[in-house]
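# Geometric and topological summary
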Amino acid sequence: MARVVIPAALRNLCGGSQELDVPAATVEELLRAVDARCPGFYARVVEDGRLRPELAFAVDGEIVPLALHDAIGPAAEVTIVPALGGG
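All of the points below concern the structure found in this document. The structure displayed is predicted, hence computed values, not measured ones.

Quick notes on the rules
- Residues numbered from 1 in each chain as written.
- Predicted model: local features only at pLDDT ≥ 70, side-chain atom pairs only at ≥ 80, totals over all residues.
- Heavy atoms only, no water.
- Helix = DSSP H or I, 4+ residues; strand = E, 2+ residues; numbered from the N terminus.
- Rg over C-alpha atoms; globule rule 2.2 N^0.38 Å.
- Buried < 20%, exposed > 50% of the residue type's maximum accessible area, 1.4 Å probe, protein only.
- Contact = heavy atoms within 4.5 Å.
- Areas by Shrake-Rupley, 256 points an atom, 1.4 Å probe, with all protein chains shown as cover.
- Pairing = 2+ DSSP bridges.
- Axes fitted to C-alpha atoms, helices over the stretch in contact; angles between N-to-C directions.
- Phe/Tyr/Trp six-rings, centres within 6.5 Å; stacked < 30°, edge-to-face > 60°.
- Lys NZ or Arg CZ within 6 Å of the ring centre and 35° of its normal.
- Core = buried A, V, L, I, M, F, W, Y, C linked by side-chain atoms within 4.5 Å.

Another point: the overall build of the protein chain. For the protein chain, the helix and strand inventory stands at 2 helices and 7 strands. Of the regular secondary structure in the protein chain, the N- to C-terminal order runs β-β-α-α-β-β-β-β-β. Taken over the C-alpha trace, the protein chain has a radius of gyration of 12 Å; the compact-globule value for 87 residues is 12 Å, and the two agree within 12%. Projecting the C-alpha coordinates of the protein chain onto the three principal axes gives extents of approximately 40 × 30 × 25 Å. Expressed as a percentage of the 87 residues in the protein chain, the buried residues total 37%. In the protein chain, the share of contacts with a sequence separation of at least 24, taken over all contacts with a separation of at least 6, comes to 45%. Of the roughly 5,000 Å² of accessible surface on the protein chain, a fraction of 53% belongs to carbon and sulfur atoms.

For the rest of this paragraph, the subject is the sheet that holds strand β1 (residues 2-5). Taken in spatial order, the 5 strands line up as β2-β1-β7-β5-β6 in an open sheet, and their pairing is mixed. The open sheet terminates on both sides in strands that have one partner only, identified here as β2 (19-22) and β6 (62-63). Examined bridge by bridge, strand β5 (residues 55-59) and strand β7 (residues 77-82) share 5 bridges and lie antiparallel to one another. Within β7, the residue paired with V59 across the bridge is V78. Lying over the sheet, helix α1 (residues 27-37) contacts β1, β2 and β7, oriented at roughly 115° with respect to β2.

Looking along a regular strand, one sees the side chains alternate between the two faces of the sheet. Of the strand pairs in this sheet, β1 and β2 are connected by 4 bridges, and their pairing is antiparallel. Looking at β2, one finds that A2 is bridged to V22. Of the pairings in the sheet, the one linking β1 to β7 comprises 3 bridges and is parallel in character. For V4, the partnering residue across the bridge sits in β7 and is V78.

One pass over the full model with this rule turns up 0 aromatic pairs. Note that R32 overlies the ring of Y42, its terminal NZ or CZ placed 3.8 Å from the centroid.

Ranked by internal contacts, the top residues of the largest apolar core, which has 27 residues, are I6, L30, L31, V34, F41 and I72. Among the elements of the structure, β1, β2, α1, α2 (41-45), β5 and β7 are those that each provide at least two residues to this core. Residue contributions to this core peak at 5 residues, all from α1. With near-sequence residues (within four places) excluded, I6 lies in contact with R11, C14, S17, Q18, E19, L20, V34 and F41.

See the structure below:
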């Protein structure tokens, strides 16, 4: 199962969980599996069929550009990283 690290801003949707293990072969399957356990999650990370641009995704510790159809390994750790504001 893939592990998803939930950012603090979205943990309220997941009952405070910091991590979830879900079965998934693609980014979309991963996000839909999280949404099945945390209703509203998918809508917060996907917009118009694409990952929201204000979020970054790290797979196994490396930030990578992803699309919903991209494959992930069965034991991947996917961390969702919100953009940091500043100036």
